[in-house]
Structures are given as structure tokens and as C-alpha cells.
Amino acid sequence: MEPALPSRRPRRADARRNFDALLTAARDSFAENGAHASLEDIARRSGVSIATLYRNFPTREDLVEEVHRDEVDALCRTAGRLDDLEPWDALVTWLRRFVDYIGTKLALADALNRTTDSFQACRKAMRDAGGPLLERAQRAGVASPVPSIDDILRMISGISAVEYVDDAQRKRVFELALAGLRAAPATAGG
């Protein structure tokens, strides 16, 4: 499947493997240590030299931006693979994947430049990917007709950013949000 957003991913297979290894190592390192994780550690984890890291990502901002872009692209591609699910299940599956994306975004939050064209393109791509899933669920009568995709993404982002006692509490709060998003069942006679 074609990426939803333009990437600086190299065309040559060996260079692409190094690039992908750097992204994976950076994602893991940022998740563990925040966006200021050691670039030397990222290069070591990926199995490439620091020179290869800098050749692909001349600045830390370039690396952070590409990790973010790659996460958004994966989120957008997920939306395209949910056509075989019932409308509510497709929307919920995508929102669960959105929660995973928020975990990565929070690790990068202090280093992401929200004014760049890339960041704005990512925001638009997420809304363009999730919007049709919400609209499909609304047309099927299984999701409330009131919220927009922007409303829902902001709600889920807020829920994901809060500190919880444990994962069970985080899951309960997410399930409460989903229950509020679900359309009220039709009543007999009215």
C-alpha cells in the first residue's frame, strides 16, 4: 500500500533497510527516554553508524518529524484496511490504533514543531483517514451523529494524555468514551 504522506525514505533496498532500522530504533528510544534520547544510542540500536544516522537525518528535528510522519502514515494505512469490518468495529479498531499513535506522539511532544507543513499534513491525513470511518458508522446508525472526527480525536487525545493508576483504569476510561460515542438505541414507537 502506498504511503499516505510523503516520506524521505530512500529507494535503494540497503539504504531503505538502514532508514527503517533507524526509525524503529528511534521510536523505541524516544518511547523509553523522550525526544531527547541519545542519537548515538539510536544509531547503535539500529546497527548503523552515527554518520549513517546523520546522512538520513541531518538534525534531531528531522528524525523526530520522520518518526511522527511514519506513525501517522501507519495510522492512515490502518483505516484503509478496515472496509471488511462492520462500521462500529472499524471505527473502534481505528480509534484503538489512534491511542497507540498518541503514545508515540506524547513521547515526541516537546520536540515536535507543530507549525511545519509536515505536521499540518499529518493532522489533515489523520482526519481524512478517520472521517470516513466515523461517517460510515454514523450513516449505519451505530455512532452518535453529533461529533465530528476532530471532536473525537481531541477527546481520545485528552484521554490518552492523562496519567492513570494502571492500564485497567486507562482501558475503562477509553471504554466509557466509546460508550458515549455509540448511538443511543432506537426506542419502540418513537
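Calculation notes
- Residues numbered from 1 in each chain as written.
- Predicted model: local features only at pLDDT ≥ 70, side-chain atom pairs only at ≥ 80, totals over all residues.
- Heavy atoms only, no water.
- Helix = DSSP H or I, 4+ residues; strand = E, 2+ residues; numbered from the N terminus.
- Contact = heavy atoms within 4.5 Å.
- Phe/Tyr/Trp six-rings, centres within 6.5 Å; stacked < 30°, edge-to-face > 60°.
- Buried < 20%, exposed > 50% of the residue type's maximum accessible area, 1.4 Å probe, protein only.
- UniProt positions renumbered as here; feature names shortened; annotations may be inferred.
- Polar contact = N/O pair within 3.5 Å; in protein donor to acceptor, adjacent residues only side chain to side chain.
- Core = buried A, V, L, I, M, F, W, Y, C linked by side-chain atoms within 4.5 Å.

### Quick notes on the environment of Thr104
Okay, so step 1: Looking at the element boundaries, Thr104 is found in helix H5 (residues 87-108).
Okay, so step 2: Separated by eleven residues in sequence, Thr104 and Thr115 place their C-alpha atoms 19 Å apart.
Okay, so step 3: Leaving out residues up to four positions away in the same chain, Thr104 has contacts with Arg27, Val67 and Glu71.

### A short note on the packing of aromatic side chains
Each aromatic ring pair is specified by the distance between its two centres and by the angle formed by the two planes.
Okay, so step 1: Within the structure shown, the criterion is met by three aromatic pairs.
Okay, so step 2: Between Phe19 and Phe57, the aromatic rings sit 5.1 Å apart at their centres with planes inclined by 35°, giving tilted as the arrangement. In this pair, Phe19 sits in helix H1 (residues 13-33) while Phe57 sits in the loop between helix H3 (50-56) and helix H4 (60-80), placing the two residues 38 residues apart along the sequence. Assigned by exposure class, Phe19 and Phe57 land together as buried.
Okay, so step 3: Ring plane angle 40° and centroid distance 5.6 Å describe the contact between Phe98 and Tyr101, whose orientation is recorded as tilted. Here Phe98 and its partner Tyr101 are both found in helix H5, three residues apart, which amounts to about one turn of the helix.

### Overview of the UniProt feature "DNA-binding region" (unreviewed entry) in the chain
Okay, so step 1: Those residues carrying the UniProt feature "DNA-binding region" (unreviewed entry) are residues 38-57 in this numbering.
Okay, so step 2: Secondary structure within residues 38-57 divides into 75% helix and 0% strand; the distance between the first and last C-alpha atoms comes to 14 Å.

### Describing the side chain of Thr116
Okay, so step 1: Its place among the elements puts Thr116 in the loop between H5 and helix H6 (117-139).
Okay, so step 2: Its relative accessible area of 16% is what places Thr116 among the buried residues.
Okay, so step 3: Here Phe119 takes part through its backbone nitrogen, which lies 3.0 Å from a polar atom of the side chain of Thr116.

### Here we look at the nonpolar core
Okay, so step 1: Ranked by size, the top nonpolar core spans 32 residues in total, and within it Leu91, Trp94, Leu95 and Phe98 carry the most contacts.
Okay, so step 2: Elements represented by at least two residues in this core include exactly H4, H5, H6, helix H7 (149-161) and helix H8 (167-181).
Okay, so step 3: Ignoring sequence-local partners within four residues, the contact set of Leu91 consists of Leu133, Leu134, Ala137, Ala143 and Leu181.
Okay, so step 4: Formed by 21 residues, the second largest nonpolar core is a distinct cluster that contains Ala25, Ala26, Val48 and Val64.

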